[in-house]
Amino acid sequence: MSRPLQNRVTPFGEIVAMTARGTMMGIRGGRIHDETKRLTRRRWTSKRWICCELSFKGRWREVMGPGYTHLFFLDEVTALAAGHRPCFECRRPDALAYQAAFPEQGAGADRMDEILHAERLAEHRLEDSGDLPDGAVWADGKDAFTRREGRVLHWSPEGWHAVQWQDRPARLLTPPASVAALRNGFKPRWQD
């Protein structure tokens, strides 16, 4: 059995090797792997971090082939937490809904990417996770959590699982602009 490629993204934005499959694909601008299908030291080539469909118009590209580095997410909630946004080509209706809910009205893709990139590089502390909209992700140590329909869920590579949570200060993982988009009505795709 071959080793899993280092192309799965966690809510922390880390790119790891694991056997669990994702429900969405994405990129971070371009190629960040070498000829042996191993990641280089780079973790992005541009500010354009997008979340895409696994399949679009029958296109096929070799994963970690000569083109850009394909990354995979458990779901869109994970992708948003890692700092990605919907793709305007393969996910146009979702991208337009995200854009309409984005806190800076009228922001195009370049401006959204600029804002998200600055927020990805900053740390955001959180006093009360109970104020977050469904799908916004926070961290307590090495664990990531979100809420959905009143339940607190814990992230694992295989899926989100209900847990008990006692509110305490934590670190917000989802960039504030995406939290605002969620609060303004953007509905992310969940792995179900």
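Note: the structure precedes this text.
Residue indices begin from 1 for each chain and proceed along its sequence in written order. Given that this is a predicted model, residues contribute local features only at a pLDDT of at least 70 and side-chain atom pairs are listed and counted only at 80 or more, while totals for whole chains, interfaces and linings are drawn from all residues. Where side-chain values are given, they derive from all heavy atoms of the structure, hydrogens and water being excluded.

Trainee: Requested: an account of the packing of aromatic side chains, with residues and values cited.
Mentor: Planes of paired rings set the category: under 30 degrees apart is stacked, over 60 is edge-to-face and the rest tilted, where pairs are Phe, Tyr or Trp rings (Trp by its six-membered ring) whose centres lie within 6.5 Å. In the structure shown here, the tally under the stated rule is 7 aromatic pairs. Taking the centre distance of 6.1 Å and the plane angle of 25 degrees together, the rings of tryptophan 138 and phenylalanine 145 count as stacked. The exposure class assigned to tryptophan 138 is buried, which follows from its relative accessible area of 0%. Assessed through its relative accessible area of 7%, phenylalanine 145 is described here as buried. Using a 1.4 Å probe on the protein chains alone, a residue whose accessible area is under 20% of its type maximum counts as buried, one over 50% counts as exposed, and one in between counts as partly exposed.

Trainee: Can you break down the packing of helix α3 (residues 109-121) against helix α4 (residues 176-183) residue by residue, with the values?
Mentor: In this analysis an axis means a line fitted to C-alpha atoms, helices contributing only their contacting stretch, and an angle means the value between N-to-C directions, from 0 to 180 degrees. Helix and strand assignments follow DSSP, with helices taken as H or I runs no shorter than four residues and strands as E runs no shorter than two, numbered in order from the N terminus. With their axes 8 Å apart at the nearest point, α3 and α4 run at an angle of 120 degrees to one another. In this structure, α3 contributes Ile115, Leu116 and Glu119 to the contact, and α4 contributes Pro176, Ala177 and Ser178. Under the scheme applied, nonpolar residues are Ala, Val, Leu, Ile, Met, Phe, Trp, Tyr, Cys and Pro; charged residues are Asp, Glu, Lys and Arg; polar residues are all the others, including Gly. Grouping the amino acids of the contact of α3 with α4 by side-chain chemistry returns 4 nonpolar, 1 polar and 1 charged. Whether two residues are in contact is decided by their heavy atoms: any pair within 4.5 Å suffices.

Trainee: So what about the sheet that holds strand β6 (residues 85-86)? Which residues, and what values?
Mentor: Only strands joined by at least two bridges in the DSSP assignment are considered to pair. Across the sheet, which stays open at both edges, the 6 strands sit in the order β2-β1-β5-β3-β4-β6 with mixed pairing between neighbours. Each having just a single partner strand, β2 (15-17) and β6 make up the two edges of the open sheet. Direction of pairing for strand β1 (residues 6-9) relative to strand β5 (residues 71-73): parallel, over a ladder of 2 bridges. Bridged to valine 9 within β5 is phenylalanine 73.

Trainee: Which residues make up the pattern of salt bridges, and what are the values?
Mentor: Within this document, salt bridges are pairs made up of a side-chain nitrogen of Lys or Arg and a carboxyl oxygen of Asp or Glu, the two lying within 4 Å of each other. Tallying each qualifying case throughout the model produces 13 salt bridges. Across the pair arginine 85 and aspartate 113 runs a salt bridge, and its minimum N-O distance is 2.6 Å. Of this pair, arginine 85 sits in strand β6 while aspartate 113 sits in helix α3, and the two are 28 residues apart along the sequence. Each of the two residues, arginine 85 as well as aspartate 113, counts as buried. Across the pair aspartate 94 and arginine 189 runs a salt bridge, and its minimum N-O distance is 3.3 Å. A residue pair is termed long-range when its members are at least 10 positions apart, and aspartate 94 in helix α2 (residues 92-101) and arginine 189 in the segment after α4 qualify at 95 residues.

Trainee: Mind laying out the nonpolar core, listing which residues take part and the relevant values?
Mentor: For our purposes a nonpolar core is just a set of buried Ala, Val, Leu, Ile, Met, Phe, Trp, Tyr and Cys residues, chained together by side-chain atoms within 4.5 Å. Judged by nonpolar contacts, the single largest core of 22 residues is most densely connected at Tyr98, Phe102, Leu132, Trp138 and Phe186. Only α2, α3, β12 (170-172) and α4 provide two or more residues apiece to this core. Once residues within four sequence positions are removed from consideration, phenylalanine 186 is found in contact with Glu76, Leu80, Pro86, Asp94, Ala97, Tyr98, Ala101 and Ala181. Formed by 13 residues, the second largest nonpolar core is a distinct cluster that contains Met18, Ala81, Leu153 and Trp190.

Trainee: Lay out the side chain of serine 178 in plain terms, naming residues and giving numbers.
Mentor: Inspection of the secondary structure assignment puts serine 178 in helix α4. The exposure class assigned to serine 178 is buried, which follows from its relative accessible area of 0%. Those residues within four positions of serine 178 in sequence are excluded, and the remaining contacts are Leu80, Tyr98 and Leu116.

Trainee: Which residues make up the pairing of strand β4 (residues 49-52), and what are the values?
Mentor: Each regular strand shows side chains that alternate between the opposite faces of the sheet. Side chains Trp49 and Cys51 of β4 all project onto a buried face; the interleaved residues Ile50 and Cys52 project onto the opposite face, where all are buried too. As defined by bridge partners, strand β3 (residues 24-28) adjoins β4 across 4 bridges and the pair is classed as antiparallel. Note on β4: the bridge partner recorded for glycine 26 is cysteine 51. Here β4 pairs with β6 via 2 bridges, running parallel.

Trainee: Please provide a residue-by-residue account of the environment of serine 156, values included.
Mentor: Take serine 156: it is sitting in strand β10 (residues 151-156). By relative accessible area, serine 156 is classed as buried at 13%. For serine 156 and valine 137, which are 19 residues apart along the polypeptide, the C-alpha to C-alpha distance reads 13 Å. With sequence-adjacent residues up to four places away left out, serine 156 is seen in contact with Leu74 and His161.

Trainee: I'd like a rundown of α4, residues and numbers included.
Mentor: Side chains that are three or four residues apart share a direction in an α-helix, a result of its 3.6 residues per turn. The buried count for α4 comes to 6 of 8 residues, which makes it a mostly enclosed element. When we look at burial in α4, the residues that qualify are Ala177, Ser178, Val179, Ala180, Ala181 and Leu182. Phi turns positive one or two residues past the end of α4, at glycine 185, with a value near 110 degrees.

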